[in-house]
Amino acid sequence: MKLISINNKRMKKMTCAQMGGPCDHDITGNTPEEMAANGMKHLQETHPDIAAKMQTMSKEENDKWMADFKAKWDATPDSM
Ligand SMILES: [Zn+2]
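All of the points below concern the structure found in this document. (Residues numbered from 1 in each chain as written. Predicted model: local features only at pLDDT ≥ 70, side-chain atom pairs only at ≥ 80, totals over all residues.)

### Re the overall build of the protein
Across its full length, the protein holds three helices and two strands. Starting at the N terminus and ending at the C terminus, the protein contains elements arranged as β-β-α-α-α. When the 80 residues of the protein are sorted by exposure, 10% land in the buried category. Once local pairs closer than 6 in sequence are excluded, the contacts in the protein between residues at least 24 apart make up 35%. (Helix = DSSP H or I, 4+ residues; strand = E, 2+ residues; numbered from the N terminus. Buried ≥ 20, exposed ≤ 12 C-beta atoms within 10 Å, placed from the backbone. Contact = placed C-beta atoms within 7 Å.)

Here it is as structure tokens:
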């Protein structure tokens, strides 16, 4: 009997450092929004000082961060 994988999700992987953080912890997600949320969760758990700083970003800074992040997302190959 054959098992057919129905997992078509395009999961990607980046490091904390690639997302602007100070360590090389792996962050994964199926969409840029999901990865950004996972990255923020990691920041809050591991680097609360940086998480606090990111939460004070203005709308413009936040939009710029998201645009940079989405460009990196597009440049990152699917990890599975
Ligand atoms: Zn980190």
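After that view of the structure, there is still more to cover.
### Describing the environment of Cys16
Note on placement: Cys16 falls in the loop between β1 (12-15) and β2 (26-29). A tally of 19 C-beta atoms within 10 Å means that Cys16 is categorised as partly exposed.

### Digging into the pairing of β1
Side chains of β1 alternate between two faces, with Lys12 and Met14 buried and Lys13 and Thr15 left unburied. Strand direction decides the pairing type here: β1 and β2, joined by four bridges, are antiparallel. What sits directly across from Thr15, in β2, is Asp26. (Pairing = 2+ DSSP bridges.)

### Quick look at helix α1 (residues 32-46)
Side chains three or four residues apart in an α-helix point the same way, a direct result of the helix having 3.6 residues per turn. Counted at 1.5 Å a residue, the expected span for α1 with its 15 residues is 21 Å, and the 20 Å between its end C-alpha atoms agrees. Along α1, the positions that sit buried rather than exposed are Met35, Gly39 and Leu43. End-on, the buried residues of α1 take up no more than an arc of 80°, which puts them together on one face. The outward face of α1, more than 90 degrees from its buried face, is lined by the exposed residues Lys41 and Glu45. Packed against the buried residues of α1 are β1, β2, α2 (48-54) and α3 (59-75). (Expected span 1.5 Å × (residues − 1). Arc of directions from axis to C-beta.)

### Examining the packing of α1 against α3
Interhelical geometry of α1 versus α3 gives an angle of 115° and a closest axis separation of 10 Å. As summarised for this structure, α1 and α3 are arranged roughly perpendicular, according to the angle between their axes. Handedness of the α1/α3 crossing: right-handed. Between α1, through Pro32, Met35 and Ala36, and α3, the contact on the second element is made entirely by Phe69, Lys70 and Trp73. For the contact of α1 with α3, the per-class residue count stands at five nonpolar, no polar and one charged. (Axes fitted to C-alpha atoms, helices over the stretch in contact; angles between N-to-C directions. Parallel < 35°, antiparallel > 145°, perpendicular 65-115°, else oblique. Left-handed = near helix turned anticlockwise from the far one by under 90°. Nonpolar A, V, L, I, M, F, W, Y, C, P; charged D, E, K, R; others polar.)

All quantities given are derived from atomic positions and should not be read as evidence of function.
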